[in-house]
Amino acid sequence: MIGIATTISQVVLSRLASDQENNLRALTNAYLDGISAAVTQPVMRGDVWETFDALDRARTHYTGVAARYVIVELPDKRVLAASEPLRFPVRSSIPTQISVHFPVIDGLGLDKEGGRAWLSRTLKVEGHSVGKILAEIDIAALLEVRRRVFWTLVLVNGAMTLAFAAIGYAFLQRMLRPLGTLTRYVERVREGRAEPIPEGDHHKISAEFRRLFDRFNAMSRALNERETLAARLAAQEKLAVLGKLASAMAHEVNNPLGGLFNAVDTLRRHGADASVRDSTLNLLHRGLWQIRKVVRSTIVTYRPEGFSYGLAPADIDDLRMLVEPEAARKNLVLEWRNEVFDKLPLAVGSVRQATLNLLLNACAASPPGGKVDFLAKVENEALVVEIGDAGPGLPSDLAAYLIGEGEAATLPGDGLGLWIVRRLVGGERGSIEVASMATQGTIVRVAWPFRKEPAAKDGEMPAIAEEIVHAG
Amino acid sequence: MLTTSRRGVLAVLAASMLPGVPRPARAGDATPISFGLNPLFLDSDIELLSMIGQYLSGKIGRPVQLVRRRTYQEITALLLSGQLDGAWVCDDPYVQHEDQLALLATPLYRGEPLYQTYIAVNENSRAQSFDELGGSVHAFSDPDSTSGYLVTRYLLAVRRQTPASFFREFFFAYGHRNVVRAIASGLADGGSIDGYVWDVMTEREPELVAKTRVVYRSERLGFPPIVCLKSARDTEIAEGISRAFLDMRLDALGQKILAILKLDGFVAATPDLYSGTLEKWLVVKAQA
């Protein structure tokens, strides 16, 4: 718009300048014609007075030409008469600094900066030069007109440009307002809140945006349904895991039970023997201790208040008890390294739940007789857990989903565990990396940065974690 | 009778065609009277000319045609060739042709039939006297004007100078008002001018006259007279013209004209009034 305004202004000004120059030429030609006619005869006679009188009268006759002075010069380069006799006395020579301005050939010379024009016209009688008219014209008025037109153009075009820009801005603002609303609600989706756009915001918008809002609302409803469904599935998965764990735990409890019953029988039969009694009681104690350990770790993991802060090394080691039965079932070797020696400022339940899920996944992925590696360590103010399996490798879309770079279109039944892991780790501002091994297997690396703030209350826990706990 | 009458008519016709012989005229005739006027300050005063024409016509009882020319010489030539019944001429042409011209009336200026010649300079000029004007540009009024040329020419003659030798440049502006304009504009450094015209212009165009300053005032000479050919002096027309001017102050329109001209009236004068002018002309003529 500014470009168009500038171009128009330049065209108008250039046209004006050209017209003014043409008009000036026409006007000065007419002026010189008039003066020539009046002075030629007196000049031929060398009549000073008549020449002066003609020049003097021309002052009032040609009001369109603002002549600063007019000189009639004789062929001998001396002044016959001038309209300003005090400046150019009779029979004097025109000073060089003035004479240089006049065109050598008859015509018009312009000094636009100085606002002056110089005219010269040879007076000819029967082809012979009898003298020359030289005049300096003040063209400041013409330049002033040009200057005024320039500023008028600048002001009018500037004002119009500003007005159009303001109207355009307001129009665009109004047009894009629905887009702002949409962006706001999409941002909420990114934050995990899929809210439909209220009906009130649908007024005064175009049909296209109304359709877009309707589609967004349909999408947010579908998202909410999916979230609800996923939570429900997670609860079911939890129950399934619990079932598996219960079965494993029953197996763990059952194993020492045979020994314990044997010990009870031994006591019944040989309880009088002090040495047999002592060794049998020790056996009983160990068996019962092992059962209590299994039971306690299960309770710790799944109790509702399990999301307290302050992760102890033992809280990590407890997980081994929960995974070992599954590993043993598949004849897997569990390489367990816990290099955490202090209590860490992390949510116990969240970390344990995510780690346990990854461990169970690793067990599930590894073929019978394979190896599952576990490493827990403190690195850069964060707890780092690395779980390696000997499985065929995590599908790339699931891996991308896990590290938070994509949305898996469909998550398989097992994938629900990954969904939970991602939510739990994300809730603690943690990060996940997945590395596929050269030969086979996958390493999942999770880092939980230490929490700086005081321990959060239960109410501030991630919604999904809370949901899972309550469902359990 | 018829023959005499025819001869008389032919004689009159022949006489009218001869130079220097005025046309016969009778009162009540519808043939216009020609009256010549030299350019004094009157050039642009159309209303004044109309009043003079109306006044003369009314007094003489015949239409009056006022004849004006650019130079004194042209009026003098017309007058001497009998093409004018009368004319208001400068005293210089009168003394030059005193043998052929008769005085009809002479104006009274400030109570006397006299006027002066002024030599004026531009207000910025340093000159205080006529002698300081040597080497300057000088404006004359007319070669046949006493105040506009003859007096200055006389001053130079007694100094054994001529305009060409004394002035750097000189020119004729043909009109006393033009001389004032030439001096005021700076075209001329100085100029010779009719003192009466300069005085009247001081009141009529004070701004223009203020740009000039008088450095020389001549002695008083006879005021430019109203004349006719001596051969026609006794005609009714000549008498009518004379009477019209001499009675001007008695007439209402005449008084208006006199008021504009700043004159007190007209009186009959004798040639010796112009002896001063004649003396100067003779000196100049002797030098030429």
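Structural data are supplied above this passage.
So, how was this worked out
Residues numbered from 1 in each chain as written. Chains lettered and ligands numbered in written order. Predicted model: local features only at pLDDT ≥ 70, side-chain atom pairs only at ≥ 80, totals over all residues. Heavy atoms only, no water. Helix = DSSP H or I, 4+ residues; strand = E, 2+ residues; numbered from the N terminus. Buried < 20%, exposed > 50% of the residue type's maximum accessible area, 1.4 Å probe, protein only. Contact = heavy atoms within 4.5 Å. Areas by Shrake-Rupley, 256 points an atom, 1.4 Å probe, with all protein chains shown as cover. Phe/Tyr/Trp six-rings, centres within 6.5 Å; stacked < 30°, edge-to-face > 60°. Pairing = 2+ DSSP bridges. Axes fitted to C-alpha atoms, helices over the stretch in contact; angles between N-to-C directions. Salt bridge = Lys/Arg side-chain N within 4 Å of Asp/Glu carboxyl O. Patch = residues over 30% accessible without salt bridge, like charges linked within 9 Å, V, L, I, M, F, W, Y side chains within 5 Å.

**Digging into the overall build of chain B**
Moving on, step 1. Within chain B, the regular secondary structure consists of twelve helices and 13 strands.
Moving on, step 2. A total of 288 residues make up chain B; the buried ones form 56% of that total.
Moving on, step 3. Within chain B, contacts between residues separated by at least 24 positions form 79% of all contacts whose residues are at least 6 apart in sequence.
Moving on, step 4. Of the roughly 12,300 Å² of accessible surface on chain B, a fraction of 53% belongs to carbon and sulfur atoms.

**Here's the deal with the packing of aromatic side chains**
All names here are of chain B.
Moving on, step 1. The final tally for this structure, using the stated rule, is 25 aromatic pairs over all chains.
Moving on, step 2. With a centroid separation of 5.3 Å and 50° between ring planes, the pair formed by Y115 and F223 is classed as tilted. Residue Y115 is found in strand β5 (residues 114-115), and its partner F223 is found in the loop between β11 (221-222) and β12 (226-229); the two are separated by 108 residues along the sequence.
Moving on, step 3. Its relative accessible area of 2% is what places Y115 among the buried residues.

**Thoughts on the sheet that holds strand β2 (residues 79-82) of chain A**
All names here are of chain A.
Moving on, step 1. Across the sheet, five strands lie side by side as β2-β1-β5-β4-β3; this open sheet has antiparallel pairing. On the outer flanks of this sheet lie β2 and β3 (107-111), each paired with one strand and no other. Taking the axes of each pair of neighbouring strands and ignoring which way they run, one obtains an average angle of 20° across the sheet.
Moving on, step 2. Running at roughly 40° to strand β4 (residues 116-125), helix α1 (residues 2-45) makes contact with β1 (67-73), β2, β3, β4 and β5 (128-138) of the sheet.

**Describing the pattern of salt bridges**
Residue and element names in this part refer to chain A.
Moving on, step 1. What the rule picks out here adds up to 39 salt bridges over all chains.
Moving on, step 2. The residue D53 makes a salt bridge to R57 at a minimum N-O spacing of 2.9 Å. In this pair, D53 and R57 both sit in helix α2 (residues 48-61), four residues apart, roughly one turn of the helix.
Moving on, step 3. The class for D53 is buried, based on a relative accessible area of 9%.
Moving on, step 4. Here R68 makes a salt bridge to E136, at a shortest N to O gap of 2.7 Å.

**As for the environment of B:F35**
Residue and element names in this part refer to chain B.
Moving on, step 1. Take F35: it is sitting in strand β1 (residues 33-37).
Moving on, step 2. According to the relative accessible area criterion, F35 is buried, its value standing at 0%.
Moving on, step 3. Those residues in contact with F35, other than ones at most four positions away along the chain, are L56, V64, Q65, L66, V67, L84, G86, A87, W88, I226, I241 and F245.

**A word on a nonpolar patch on the surface**
Residue and element names in this part refer to chain A.
Moving on, step 1. Together, F171, L172, M175, L176, L179 and L212 make up a nonpolar patch on the protein surface, roughly 530 Å² of accessible area in all.
Moving on, step 2. Top contributing element to the nonpolar patch by residue count: helix α4 (residues 140-190), with five residues.
Moving on, step 3. Mapping M175 onto the fold places it in helix α4.

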